Amino acid sequence: MKRILILLFLVVTSTSFAQIKMQGVVKDSIGSPLELANVIAINQETSALESYAITNDKGKYVLSLGKNGKYKVQVSYIGLKSFEQIITTKEEDINRDFTLMPDNSLDAVELTYEMPVTIKGDTLIYNADSFKNGSERKLEDVLEKLPGVEINEDGQVEVEGKVVNKLMVNGKDFFDGDTKLATKNIPSNAVDKVEVLRNYSEVGQLRSVTNNQDNVALNIKLKEGKENFWFGDITAGGGTAPSPNDELYLVQPKLFYYSPKYSVNIIGDMNNIGEVALTNRDLRNFGGGFGFRLPSRTSGTNINLGDNGLGGLTNIANAQEVITKLATANFSYSPSKSLDLSGFVIYNSSRLRTREESFFDYIEVEDDPSTPIDESSNIPPDEATVSRGREASNQAIAKLSASYKPNVNNQLDYDLLGRISDDEERQNLFSSVVGVTDQVDRVKPFSINQTLNYYYTLDENNIFAFEAQHLIKDEDPFYNALLVNDPTPPNTQDAFDATAFGLGLNQDQFSYDINQERRVKSNQLDAKLDYYNILNAKSNINLTLGTILSNQKFNSNIFQFLDNGAQFNPTPTITDEDGNPLSAENDNVDYSFRDIYLGVHYRFKTGKFTFTPGLSFHAYGNKNTQGGDTFEDNFFNVLPDFEARIQFKKSESLQFNYNMTNTFTDVTNIAEGLVLNNFNSIQFGNPELQNALSHNIRLFYSSFNLFNYTNVFAGLNYSKNEDQIRSLTNFQSVIRTNSFFNSQFADETASLFGRVQRTFGKIRASLRANFSYSKFNQFIQSSTSPSINESFTQNYTPEIRTNFREAPNVRLRYGYTIRNNDQGANSNKFITRAPSIEFDAYIWDAVTFVTDFTYTEQENNGQVEDFKTWNASLRYRKGRDAKWEYSLRASNILDIDSNISNGAGNISVFSSETFIQPRFLTFRLTYTL
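To keep things clear, this report deals only with the structure shown in the data block. Computed from a prediction, not measured in an experiment: that's the story for all the values here. Counting restarts for each chain, with residues numbered from 1 along the sequence as it is written. For this predicted model, a pLDDT threshold of at least 70 governs which residues receive local features, and a threshold of 80 or more governs which side-chain atom pairs are given and counted, while totals over whole chains, interfaces and linings are taken from all residues. Side-chain numbers come from the whole structure's heavy atoms, not from hydrogens or water.

## Considering the overall build of the protein
A count of helical and extended segments in the protein gives 5 helices and 53 strands. Throughout, radius of gyration means the C-alpha value; the globule benchmark is 2.2 Å times the number of residues raised to the power 0.38. Here the C-alpha radius of gyration of the protein, 31 Å, is about what a compact globule of 929 residues would show, namely 30 Å. Along the first, second and third principal axes, the C-alpha atoms of the protein reach 100 × 70 × 55 Å. Burial classes: relative accessible area under 20% of the type maximum marks a residue as buried, over 50% as exposed, and values in between as partly exposed (1.4 Å probe, protein chains only). When burial is assessed residue by residue, the protein has 51% of its 929 residues classed as buried. Here the contacts in the protein between residues at least 6 apart in sequence split such that 67% fall between residues at least 24 apart. Surface accessibility follows the Shrake-Rupley procedure with a 1.4 Å probe radius. Residue values consider only the protein chains on display as shielding. When the accessible surface of the protein is summed, it comes to about 42,000 Å², and 54% of that surface belongs to carbon and sulfur atoms. Secondary structure elements are defined from DSSP: runs of H or I of at least 4 residues count as helices, runs of E of at least 2 residues count as strands, and each element is numbered from the N terminus. We call two residues in contact when some of their heavy atoms are within 4.5 Å.

See below:
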């Protein structure tokens, strides 16, 4: 790694010494400096673009040119006549000013090259070909080379530190704007321009009266010749893997059609090598976008409906075997200028096999001498586990959208999103404390989500907006656990016996066959009516009348199958905090929530400042009925919010936000009966739970400077939670029982993050840093005094990469993370070091070689473990426009068995070894349409 860094340093140094600097000022005919003027230099010998610049607010530009060369310099600015001049360089730097005249003639200078980056208002436009070197295959390969654009670890696209919420192709939604599906499938050779739409608003009528600074969208402009023709590629391949793995296969058709009136996108994928476009987590969150944002998102109310589906494996890289099938289709159709129709269908099937070995060091609690109980007793012993699992998931999602805009004063939008899945997870768990347990989780949930939005402009000063969303969700999780038991006397007590007694199970069996059926039905309406009155060019007032109506019905039942197959309904001996016996059933729990609110916001501008203070007045009501009893609470609350923005320059701003939020829980935390999260985690709810109140502060700075190619963003988030819903955890060995209450102790979280990126010619360097702190009050073994869990994490990621068009490119990154965790009487320090290198080369106009290597070292209180990841691919395509490509890919070249991870949860510190897929070698054939 040191040798590579030295070599890269020598390359940068030699490149710098071989260049001179040409700088100056661009002015108009009366001598005023021109900001955002374009300056390009074309090498007269090679006819290639040598350097480009965009002037700053003082009209200054800087070009990097080679010594002893001849260049055509072209200067352009919208509305003025372009200018060009031949410049001959020697050994010294050059100072040269340019004056552009009004464009009142027809013989303007013809620009030979497009600018790599241009700005038009809030739109930043990248010319994709200016950043390609031939090794790119998909859109993500292009985006990663654009200054100010990154793809984060979750596969999301970030621009200037903000996550892109919507992606379009030629102005049409691509699968509801999903960025991950687009970046991994759209072919790079079809991309002409990448347009970054900052301050994006889907409703033009509201652009001038709402704050859209956090909304960023991408529009991918296709190259000429891609319209009215099918384009894309079809890949098929096979390969081998170490025994006893099956033979490898891969089939991936990706086809696209675009015309002015309609578009069709078809993406398929079938493989057993773990290459997936969307994970199970991606699919569960798919279909949100701007269209399905809650109308009440800025009201200060947050109600959690819960998620009773399977968590599933979120990281495919942590599986020993992955078999997936994906079939998707997306369309858009514009039968007239006023009507747009669009939709998509997605079907995904996945089969996973996993294995993980872990060690848990549970929290230690000191005895409180002021209480009659010994809180340090029954603290769970250290536990070693081996988990083997299989997961099967079948998911289907469909969406239909319509947008009707008969004129500039009216817009009507309707969206219908439906999803259904059939998921099952089987797990064999060996615990050094409990023994062997077989578990099965099954669920077949479905949901239907509808939105209706209408925007009406009465006149130039009065705008109305109505937004409504209705959600129906039905979840039916089933859980089964089979634990060993020895009922024959005399016998030593099994680890689960005390819990079995508390649950009321029949203990005269040779196994505990525990089952739980649950059913959660949710129905929620979220609607609001906004009125905007534009007072003048710099201020407006916004009145909001809204409501949230929610209802959840919950049933659950715990039962036991005896050795003879009969069903046994237990009577638990576990009691709540008041000594009342708990039930194994939650029979017809009905939970209703109501919020009616009125919001007032005043937005005004003065100079560089924009202020938006606001208040919302809420009338809350919630009621739950269970066991013949009704618990009801009605109250009023006032929630303030405030936003201030300073626009220093067109591409530099500072934003401050403050708001208060009321958070309400879901029905599972209210149900009084027992609920099995799994065999070693049991909970019972509290029907008298109240809302939690949080104070939230956000500060965000962003600067994108195209003059010196510097991109800087930094942010600060702070949250303080009062009356937070917390669990009281009681242990019986490693098996815990949780109950819930509103804690009088405040929890706090804070995070500070930032990134600076600077381009030096063909070298781009960046540094990303993140700091996070959390203070969490947890309550163990019936103690009313909290155990404080504090965590402080630091992460630093320096990176340097090249972007040569004719030479190989290297990307060097070093990830360094320190996490300090104080958990009760336990203190731990985790350190992760992860240097990595990526290399890609396009040679002979035919061969592409790409490889990446990462070395990860993890340290836990002085104990160090490490693992290495190495992948590579070799591709052959006779010319950039050839139809056929042949490729050889190898993953996990070193054939390592597992990855190592260390960390801390709320009640334990853990070290895990996760077994992964072996070395895969595949040969692939790709045909490009």
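Now that the structure has been shown, we can carry on.
## Quick notes on the nonpolar core
Of all hydrophobic cores here, the largest spans 50 residues; its most connected members are Y126, L143, F174 and L218. In terms of residue count, strand β17 (residues 216-222) provides more of this core than any other element does, 4 residues in total. The contact partners of L143, leaving out residues within four places of it in the chain, are V149, I151, V157, T183, V194 and L218. Only buried residues count toward a nonpolar core, which is a set of Ala, Val, Leu, Ile, Met, Phe, Trp, Tyr and Cys residues joined through side-chain atoms within 4.5 Å.

## Description of the environment of A566
Tracing the sequence through the fold places A566 in the loop between β31 (539-561) and β32 (567-568). Residue A566 is classed as partly exposed on the basis of its relative accessible area of 32%. A sequence separation of 185 residues divides A566 from S751, and the C-alpha atoms of the two residues are 54 Å apart. Setting aside its immediate chain neighbours within four residues, A566 contacts Q560 and F561.

## Structural notes on the sheet that holds strand β5 (residues 70-77)
In space, the 4 strands of this open sheet follow the order β3-β2-β5-β6, with antiparallel pairing throughout. Two strands in the sheet have a free side with no partner beyond their single neighbour: β3 (49-54) and β6 (80-88). Neighbouring strand axes in the sheet, compared pairwise and without regard to direction, differ in orientation by 15° on average. Strands were regarded as paired on the criterion that DSSP finds at least two bridges between them. One ladder, built from 5 bridges, connects strand β2 (residues 38-43) with β3; its direction is antiparallel. Note that in β3 the partner of A41 across the bridge is S51. Orientation is described by axes fitted as lines to C-alpha atoms, over the contacting stretch for helices, and by angles from 0 to 180 degrees between their N-to-C directions.

## Focus on the pattern of salt bridges
By convention in these notes, a salt bridge is any Lys or Arg side-chain nitrogen within 4 Å of a carboxyl oxygen on Asp or Glu. In total, this model carries 35 salt bridges according to the counting rule given. D415 is paired through a salt bridge with K399; the nearest N and O atoms lie 3.7 Å apart. Taken together, the residues span a long stretch of sequence, with D415 in strand β25 (residues 410-431) and K399 in strand β24 (residues 383-407) at a distance of 16 residues. Considered together, D415 and K399 belong to a single accessibility category, that of buried residues. In this structure, R442 engages E424 in a salt bridge whose closest nitrogen and oxygen atoms are separated by 3.7 Å. Pair noted here: R442 is in strand β26 (residues 435-443) and E424 is in strand β25, with a separation of 18 residues, a long-range link.

## Examining the packing of aromatic side chains
Only rings of Phe, Tyr and Trp enter the pairing, Trp through its six-membered ring, and a pair is recorded when the two centres are within 6.5 Å. The plane angle decides the type: under 30 degrees is stacked, over 60 is edge-to-face, the rest tilted. A full pass over the atoms with the stated rule returns 33 aromatic pairs. Ring pairs connect the aromatic residues F174, F175, F231, F256, Y258 and F344, which therefore count as one cluster. We count a charge as sitting over a ring when the NZ of a lysine or the CZ of an arginine lies within 6 Å of the ring centre and within 35 degrees of the ring normal. In this arrangement the basic side chain of R355 is found over the ring face of F915, its NZ or CZ atom lying 4.1 Å from the centre.

## Observations concerning unusual backbone geometry
Phi at N892 takes a positive value of approximately 50°, unusual for a residue other than glycine. Along the polypeptide, N892 turns up in the loop between β50 (884-891) and β51 (898-904). If you check the backbone angles, D895 has positive phi at about 55° while not being a glycine.

## What to know about the sheet that holds strand β9 (residues 117-120)
Taken in spatial order, the 6 strands of this open sheet run β9-β10-β16-β17-β14-β15, and their pairing is mixed. The open sheet terminates on both sides in strands that have one partner only, identified here as β9 and β15 (172-173).

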